[in-house]
Amino acid sequence: MSVTTKLEYTPLAEIPTIHAALKAGFNSGKTRDIAFRKKQLLGLAYMVKDNIPRFEAALAHDLGRPQLESHLMEISLCVKDAIDAYHNVDKWAKTEKAPFTLNFVALKPTIRKEPKGVVLIISPFNYPAWLCLGPLAGAIAAGNAVVIKPSENTHATSSLLAELVPKYLDRSVFRVVNGGIPETTSLLELQWDHILYTGNGTVGKIVATAAAKHLTPTTLELGGKCPVFIDPKYDLHLAARRIAWGKFANSGQTCVAPDYILVPVEAQDKFIAAFADVYKEFYPDGAAKSDSYSRIISEGHWNRINGLLTKTKGQVVLGGDTDGSQKFIAPTVVKNVKADDSLMSQEIFGPVLPIVPVASLDDAIAYVRGNDHPLALYVFTNDADFKKKVFESTQSGAAVANEVLMHTAVDGLPFGGTGPSGYGYHTGKYSFDTFTHLRSSLDTPGWFDVLLRNRYPPYTSKKLNT
Ligand code: NAD
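What you are looking at is a predicted structure, and each value in this text was computed from that prediction instead of being measured.

(A) Representation of the overall build of the protein chain within the structure. Within the protein chain, the regular secondary structure consists of 16 helices and 18 strands. C-alpha extents for the protein chain along the principal axes are approximately 80 × 55 × 35 Å. Across the 466 residues in the protein chain, those meeting the buried criterion constitute 47%. In the protein chain, the share of contacts with a sequence separation of at least 24, taken over all contacts with a separation of at least 6, comes to 71%.

Written as structure tokens, this is what we have:
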């Protein structure tokens, strides 16, 4: 199947015009109608469902992504988010009664779920469809007009979004802007009613600074180094299989991928032996020949990851081969990695797994506490005290035992970071809430002045004492 390989950027001069058109579209009131929102959510679901082979081809072109991985980790989530919002929007958008109080019940206090207005969603390359369309589902359900700005690094997927969105969604309130830094900068100069940005923290600061000029609320979905604590008493083969899947899917380009392993020094080799077994199961003829393994997004990122690997003082025990011409980096495990190693200097965001041997659980906890709060923290243990100790002495976006990545797909859980891994939440109802203003409301009957008459001047001492 053919894909568009050169992304067409939105002309800079059009960006303020698009913003103004969406403001007019929002002010027309059409997005307030729940039936309209539902029609658009169905349109969004069909946009993906009708074009699954095209999304698969685009993701395969951009990331060398295997079909099954695209399905499980991207396409099915886009459809699920749109359909969930479709089924739930009546309930989510319903005006709520405030909790009963005898004093104020007659004022009919309610909480109206109002759209924030015209919102901007900026997304990254690693899950280029889901990280646009998932939040878009929440923004549509909440009744907003929306611009999505997909990543400029995923030419085929971002081109496909630009082609399909106008065919399936109402153009007067939903638009795609494609482009790089100049186009995003131009978007950020405008006044939005909410910005949801997913990507790295350096750009997150640029987005938050630009938003602050307009007092625009933001949601920042950022990254970080997600640690994995290993209890040596746990089934190491099971731990290795789950970790290897989460680390090597999408060639490690997953914000919640395990970044590094903390394992007691005496269990390091046992863990690596278990990992080696899994490695053979996953890639029997090697990852380079496997059709179950993605590629790195760009030459720049390939150079960055390859550089970290070249400089490591640890010992490569699995993988290690790379091929710049294919943007290939083999699933790689490096042992005896120390805190000052190149591999510990930044989020790896690639298929290289450093193993950091530790003297004790306290040392492992101290290491994690001494660094930025990660987006996810993983622990493999069946020991409730081990888990409790790790969870209660650390902070992270998510705290997950005996599993990796899955918390992002589980219904009802918020997806978000804390501290340098971001703030705010999305997925499901949390996306709806992100793009919703809770508007307090009263409707006081005339007779209530009988009870409230003391509030009016003149403030006599008689009124004060009754
Ligand atoms: P990227 O390079 O595709 O950039 C992300 C977005 O930022 C793009 O739309 C891009 O156009 C925009 N951008 C880039 N430079 C900019 C600038 N100077 N000014 C304004 N906008 C600019 O992707 P990335 O940032 O490399 O993404 C990877 C990072 O995202 C990792 O750190 C990863 O952990 C994080 N991430 C987080 C989540 C999450 O949900 N928390 C999900 C996925 C990725």
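(B) Summary view of the site of the ligand. Near the ligand there are 28 residues, and of these Pro-124, Ser-151, Gly-199, Gly-223 and Cys-255 occur at the shortest range. Broken down by secondary-structure element, the contributors of at least two residues to the shell around the ligand are α7 (181–189) and α8 (201–213). For the shell around the ligand, the leading source of residues is α7, giving three residues. Looking at side-chain class alone, the shell around the ligand contains 11 nonpolar, 13 polar and four charged residues.

(C) Quick look at the environment of Asp-81. By the secondary structure assignment, Asp-81 is in helix α4 (residues 67–93). Owing to 26 C-beta atoms within 10 Å, Asp-81 belongs among the buried residues under this scheme. Measuring from C-alpha to C-alpha, the distance between Asp-81 and Ser-431 comes to 9.6 Å, with 350 residues separating the pair along the chain. Asp-81 has contacts with Leu-133, Gly-134 and Ala-137, leaving out every residue within four places of it along the chain.

(D) Main features of the sheet that holds strand β2 (residues 110–115). As summarised here, the arrangement of the three strands in space is β1-β2-β18, forming an open sheet in which the pairing is antiparallel. Each having just a single partner strand, β1 (96–97) and β18 (436–441) make up the two edges of the open sheet.

(E) Broad picture of helix α3 (residues 52–63). Between the first and last C-alpha of α3 there are 16 Å, a value that for 12 residues agrees with the 16 Å anticipated at 1.5 Å per step. Here α3 has its buried residues at Phe-55, Glu-56, Ala-57, Ala-58, Leu-59, His-61, Asp-62 and Leu-63. At its buried positions, α3 is contacted by α2 (34–49), α4 and α6 (155–168). Gly-64, located one to two residues past α3, shows a positive phi value of around 60°.

(F) The confidence of the model for the protein chain, seen in detail. Averaged over the protein chain, the pLDDT score is 97; the fraction of residues at 70 or greater is 100%. Across the assembled chains, the prediction reports ipTM 0.97 with pTM 0.97.

(G) Structural context of the UniProt feature "domain: Aldehyde dehydrogenase" (unreviewed entry) in the protein chain. UniProt's entry tags residues 17–439 with the feature "domain: Aldehyde dehydrogenase" (unreviewed entry), counted in the numbering of this structure. Secondary structure across residues 17–439 divides into 43% helix and 18% strand, with the first and last C-alpha atoms of the span separated by 29 Å.

(H) Representation of the nonpolar core in the model. Counting 128 residues, the largest nonpolar core has Leu-41, Leu-44, Ile-121, Leu-136, Val-146, Ile-230 and Tyr-378 as the members making the most contacts within it. Of all the elements, helix α5 (residues 130–141) adds the most residues to this core, at nine residues.

(I) The arrangement of the pairing of strand β15 (residues 376–380) in detail. Along β15, five of the five residues are buried, which leaves the element largely enclosed by surrounding structure. Residues of β15 alternate between two faces, with Ala-376, Tyr-378 and Phe-380 on one and Leu-377 and Val-379 on the opposite face, all of them buried. Sheet topology note: the strand β8 (residues 226–230)/β15 ladder contains three bridges and is parallel. By the bridge assignment, Ile-230 is partnered in β15 with Phe-380. With helix α13 (residues 384–392) bridging β15 and the parallel strand β16 (residues 398–401), this β-α-β connection has right-handed handedness.

(J) Region of interest: unusual backbone geometry. Across the junction of Pro-457 and Pro-458, the peptide omega takes the value -5°, indicating a cis bond. On the secondary structure map, Pro-458 appears in the loop between α15 (449–452) and α16 (461–464). For Asn-402, which is not glycine, the phi dihedral falls at a positive 60°. Within the secondary structure, Asn-402 sits in the loop between β16 and β17 (422–423).

(K) Representation of the sheet that holds strand β10 (residues 315–318) in the model. On the basis of which strands lie adjacent, the open sheet formed by seven strands has the order β10-β13-β14-β9-β8-β15-β16 and mixed pairing. Edge positions in the sheet fall to β10 and β16, since each has one partner strand and no second. If you compare each strand with its neighbour and ignore which way they point, the axes differ by 25° on average. Packed onto the sheet, helix α9 (residues 236–248) meets β8, β9 (258–264), β14 (352–358) and β15 and runs at close to 155° relative to β9.

(L) Geometry of the UniProt feature "active site" (unreviewed entry) in the protein chain. Here, UniProt's "active site" (unreviewed entry) annotation points to Glu-221 and Cys-255. Judged by maximum C-alpha separation, these annotated positions cover 35 residues in sequence but sit close together in space, the widest gap being only 9.2 Å. Relative to the helices and strands, Glu-221 resides in strand β7 (residues 218–221). Within the secondary structure layout, Cys-255 lies in the loop between α9 and β9. Excluding residues that lie within four positions of it along the chain, Cys-255 makes contacts with Asn-126, Gly-223 and Leu-375.

(M) Structural context of the packing of α3 against α4. In contact at an axis separation of 10 Å, α3 and α4 are set at 110° when each is read in the N-to-C sense. In terms of axis orientation, α3 runs roughly perpendicular to α4. Within the contact between the two elements, α3 uses Ile-52, Phe-55, Glu-56 and Leu-59 and α4 uses Gln-67, Ser-70, Glu-74 and Ile-75.

(N) Summary view of helix α11 (residues 299–311). In this model, α11 (13 residues) spans 18 Å end to end at C-alpha, consistent with the 18 Å of a helix rising 1.5 Å per residue. Those residues of α11 lying buried are Trp-302, Ile-305, Leu-308 and Leu-309. Down the axis of α11, the buried set is contained in an arc of 130°. They therefore lie on one face. Along α11, the residues that are exposed and aim more than 90 degrees away from the buried face are Glu-299, Gly-300, Gly-307, Thr-310 and Lys-311. Packing partners of the buried residues in α11 comprise β12 (328–329), β13 (332–335) and β14.

(O) Representation of the packing of α9 against helix α10 (residues 268–282). Their axes nearest at 8 Å, the elements α9 and α10 cross at an angle of 55°. It follows that α9 is oblique to α10 by the angle criterion. As for how α9 packs across α10, the hand of that crossing is right-handed. Across the interface between the two elements, Leu-236, His-237, Ala-240, Arg-241 and Ala-244 from α9 touch Lys-270, Phe-271, Ala-274, Phe-275, Asp-277, Val-278, Tyr-279 and Phe-282 from α10. Here the contact of α9 with α10 is built from residues that sort into nine nonpolar, one polar and three charged.

Each value, and the rule that gives it
Residues numbered from 1 in each chain as written. Predicted model: local features only at pLDDT ≥ 70, side-chain atom pairs only at ≥ 80, totals over all residues. Helix = DSSP H or I, 4+ residues; strand = E, 2+ residues; numbered from the N terminus. Buried ≥ 20, exposed ≤ 12 C-beta atoms within 10 Å, placed from the backbone. Contact = placed C-beta atoms within 7 Å. Near = placed C-beta within 6 Å. Nonpolar A, V, L, I, M, F, W, Y, C, P; charged D, E, K, R; others polar. Pairing = 2+ DSSP bridges. Expected span 1.5 Å × (residues − 1). pLDDT = per-residue confidence, 0-100. UniProt positions renumbered as here; feature names shortened; annotations may be inferred. Core = buried A, V, L, I, M, F, W, Y, C linked by C-beta atoms within 7 Å. Right-handed = clockwise from strand over helix to strand, strands pointing away. Axes fitted to C-alpha atoms, helices over the stretch in contact; angles between N-to-C directions. Parallel < 35°, antiparallel > 145°, perpendicular 65-115°, else oblique. Arc of directions from axis to C-beta. Left-handed = near helix turned anticlockwise from the far one by under 90°.

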